[in-house]
Amino acid sequence: MELAVKNLNLSFVQGNREGHALRGINLTVKEGEIHALVGESGSGKSVTSTAIMGLLPSPPAKINSGEIILDGNDILSLNEKERRTIRGQKIAMVFQEPSKYLNPTLKIGEQITEVLELHLGMDKETAETRALEILDMVGLGTGKRILKSYPHELSGGMKQRAMIAIAISCNPSFLIADEPTTALDVTLQLQILKLILNLRERLSMGILSISHDLRVVHDISDRVSVIYAGKIVETAPKTELFSQPFHPYSNLLLQSIPDADKRGSRLVTIPGKVPDAENIPSGCAFHPRCPYAMDVCRENDPEMKPCGEKHFAACHLTDNRN
Ligand SMILES: Nc1ncnc2c1ncn2[C@@H]1O[C@H](COP(=O)(O)OP(=O)(O)OP(=O)(O)O)[C@@H](O)[C@H]1O
Ligand SMILES: [Mg+2]
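In this report, we go over the structure that sits alongside the text.

Calculation notes
Residues numbered from 1 in each chain as written. Chains lettered and ligands numbered in written order. Predicted model: local features only at pLDDT ≥ 70, side-chain atom pairs only at ≥ 80, totals over all residues. Helix = DSSP H or I, 4+ residues; strand = E, 2+ residues; numbered from the N terminus. Rg over C-alpha atoms; globule rule 2.2 N^0.38 Å. Contact = placed C-beta atoms within 7 Å. Core = buried A, V, L, I, M, F, W, Y, C linked by C-beta atoms within 7 Å. Buried ≥ 20, exposed ≤ 12 C-beta atoms within 10 Å, placed from the backbone. Domains from an automatic or database assignment. Near = placed C-beta within 6 Å. Pairing = 2+ DSSP bridges. Axes fitted to C-alpha atoms, helices over the stretch in contact; angles between N-to-C directions. Expected span 1.5 Å × (residues − 1).

1. A closer look at the overall build of the protein chain
And then number 1: Each helix and strand counted, the protein chain has 12 helices and 12 strands in total.
And then number 2: What you see for the protein chain is a C-alpha radius of gyration of 20 Å, in line with the 20 Å of a compact globule of 322 residues.
And then number 3: Taking the principal axes of its C-alpha atoms as reference, the protein chain extends roughly 65 × 50 × 35 Å.
And then number 4: When contacts within the protein chain are restricted to residue pairs at least 6 apart in sequence, those whose partners lie at least 24 apart make up 63%.

2. Regarding unusual backbone geometry
And then number 1: Residue P59 is bonded to the preceding S58 through a cis peptide linkage, with omega at -5°.
And then number 2: Structurally, P59 is set in the loop between helix 1 (45–53) and strand 4 (61–70).
And then number 3: Here the amide bond leading from P59 into P60 is cis, since omega sits at 10°, within 30 degrees of zero.
And then number 4: Positionally, P60 belongs in the loop between helix 1 and strand 4.

3. Concerning the environment of G15
And then number 1: With respect to the secondary-structure elements, G15 resides in the loop between strand 1 (2–14) and strand 2 (17–30).
And then number 2: The spatial distance from the C-alpha of G15 to the C-alpha of P60 is 9.3 Å, given a sequence separation of 45 residues.

4. What to know about the nonpolar core
And then number 1: With 80 residues, the main nonpolar core has A165, A167, L175 and V226 as its most contacted residues.
And then number 2: Ranked by the residues each element gives to this core, the list is headed by helix 7 (residues 156–168), at 8 residues.
And then number 3: Split by domain, this core shows at least three residues from each of two domains, domain 1 (2–90 + 173–320) and domain 2 (100–171).
And then number 4: Look past the residues within four positions of A165 in its chain and what remains in contact with it is I112, I134, L135, V138 and L140.

5. Structural notes on the site of ligand 1
And then number 1: Residues in close proximity to ligand 1 total 15 residues, the closest being F12, S41, K45, S46 and V47.
And then number 2: Among the secondary structure elements, those contributing two or more residues to the shell around ligand 1 are strand 2 and helix 1.
And then number 3: In terms of residue count, the dominant contributor to the shell around ligand 1 is helix 1 (3 residues).

6. Some remarks on the environment of A277
And then number 1: Along the polypeptide, A277 turns up in the loop between helix 11 (248–255) and helix 12 (295–299).
And then number 2: Residues A277 and K107, 170 residues apart in the sequence, show an inter-C-alpha distance of 39 Å.
And then number 3: Not counting chain neighbours up to four residues away, the residues in contact with A277 comprise F12, G19, H20, A21 and G230.

7. Details of the sheet that holds strand 12 (residues 311–313)
Remark on secondary structure: sheet strands pair via backbone hydrogen bonds, oriented parallel or antiparallel.
And then number 1: Taken together, 8 strands build an open sheet; the order of strands is 6-7-8-3-9-10-12-11 and the sheet is mixed. Where the open sheet ends on each side, the last strands, each with one partner, are strand 6 (91–94) and strand 11 (305–308). Going from strand to strand, the sheet's axes swing by 25° on average, the running direction of each strand aside.
And then number 2: In terms of strand pairing, strand 3 (residues 34–38) meets strand 9 (residues 223–228) through 4 bridges, oriented parallel. Within strand 9, the residue paired with H35 across the bridge is R223.
And then number 3: Along the sheet, helix 7 contacts strand 6 and strand 7 (174–178); its crossing angle with strand 6, the most-contacted strand, is approximately 170°.

8. Observations regarding the pairing of strand 10 (residues 231–237)
And then number 1: Where burial is concerned, most of strand 10 is hidden: 6 out of the 7 residues are buried.
And then number 2: Looking at chain direction, strand 9 and strand 10 are connected through 6 bridges and run antiparallel. Bridging across to strand 10, V226 finds its partner in E234.
And then number 3: The antiparallel pairing of strand 9 with strand 10 creates a hairpin that spans 2 residues between the two strands, and A229 there sits at a positive phi of about 45°.

9. Details of the pairing of strand 11
On a regular strand, one side chain projects to one face of the sheet and the next to the other, so that they alternate.
And then number 1: Two elements, strand 11 and strand 12, share 3 bridges in a ladder whose sense is antiparallel. Following the sheet pairing, K305 is matched in strand 12 by A313.
And then number 2: Between strand 11 and strand 12, which pair antiparallel and follow one another directly, the connecting turn spans 2 residues, one of which, K310, has a positive phi of 50°.

10. Things to note about helix 4 (residues 108–120)
And then number 1: Counted at 1.5 Å a residue, the expected span for helix 4 with its 13 residues is 18 Å, and the 18 Å between its end C-alpha atoms agrees.
And then number 2: What helix 4 keeps buried is the set I108, G109, Q111, I112, T113, V115 and L116.
And then number 3: Downstream of helix 4 by a residue or two, G121 has a phi angle that is positive, lying close to 65°.

11. A word on the sheet that holds strand 5 (residues 73–74)
And then number 1: Spatially, the 4 strands line up as an open sheet ordered 2-1-4-5, and their pairing is antiparallel. Edge positions in the sheet fall to strand 2 and strand 5, since each of these pairs with one other strand and no more.
And then number 2: As paired elements, strand 1 and strand 2 share 11 bridges and run antiparallel to each other. Among the inter-strand pairings, L3 is bridged to a residue of strand 2, identified as V29.

Spelled out as structure tokens, the structure:
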């Protein structure tokens with residue numbers, strides 16, 4: 001089984017203004033694979049994940065073209081009721097902010113059993129037993145105490161684990177993790193990453209892991225895709241992307257990883273910023289910031305072309321390779 005986004009074009013329309021947030025996104029997550037989607041703030045990572053989840057309000061969101069294929073079916077053609085079933089049982093998502101996701105007025109136990117009763121039709125007692133198993137799986141195994149706790153009674157790390165527990169309660173085939181670690185300190189980040197790796201093994205879930213931090217990506221992913229201004233500009237197996245990045249943007253992103261061995265070493269920041277979806281530059285959207293920009297880059301938007309084993313980049317420099 002795989003989850004595949006195919007040539008997805010999505011705009012936000014407000015009055016006569018249109019922001020091209022996703023411009024032909026192609027992305028595949030295979031069963032049991034961790035696929036990382038990386039890019040600076042505003043590049044379209046969350047729009048991609050919420051589009052997959054079917055959680056973007058329309059209007060203002062408008063899908064202009066494309067497909068999202070799950071189990072061979074285009075889920076964009078399903079109605080809201082069918083989408084909801086998929087959301088509960090096939091694809092789950094954990095968000096940047098657990099406090100926004102957890103319901104502050106319901107005990108953690110109630111939030112998990114509610115999902116189990118609603119989606120899997122379990123009775124209350126079965127659901128509670130299952131909830132305890134799930135809490136144990138995410139490392140909240142002090143059992144009944146957590147079940148009866150409200151979100152505000154938990155620490156940041158425990159909230160993350162509780163949110164993951166709710167997300168995996170129906171045994172989804174795919175998990176989308178939109179920067180689940182940024183709000184946590186480094187030790188907790190590592191624990192959550194280990195948990196995600198462990199869950200991938202146990203549940204053989206495919207995971208789309210979204211981050212702007214390449215260090216996180218380096219530790220957990222199998223494949224990495226780099227997104228810029230709503231378009232995937234490079235995709236490669238992790239080791240290949242880290243050792244032989246092709247796209248100048250990926251290169252600069254890699255250089256901006258702080259070196260853990262050199263304390264206090266300065267980050268290389270990429271000059272300029274991600275263009276707004278309403279003002280995408282002509283040609284290659286990265287050309288105004290690219291140190292290698294040529295005339296052709298201002299005129300033509302490059303297509304994805306192979307530049308290695310299972311490695312593709314959208315850059316006119318691929319034309320000069322032989
Ligand atoms: N509801 C919306 N209405 C209009 N434009 C939007 C909306 N949501 C996102 N956008 C635009 O889409 C683009 C991509 O935003 P997105 O939230 O996906 O970025 P991101 O990569 O997740 O950034 P971050 O790392 O900060 O989370 C931005 O230009 C943003 O302004
Ligand atoms: Mg985001």
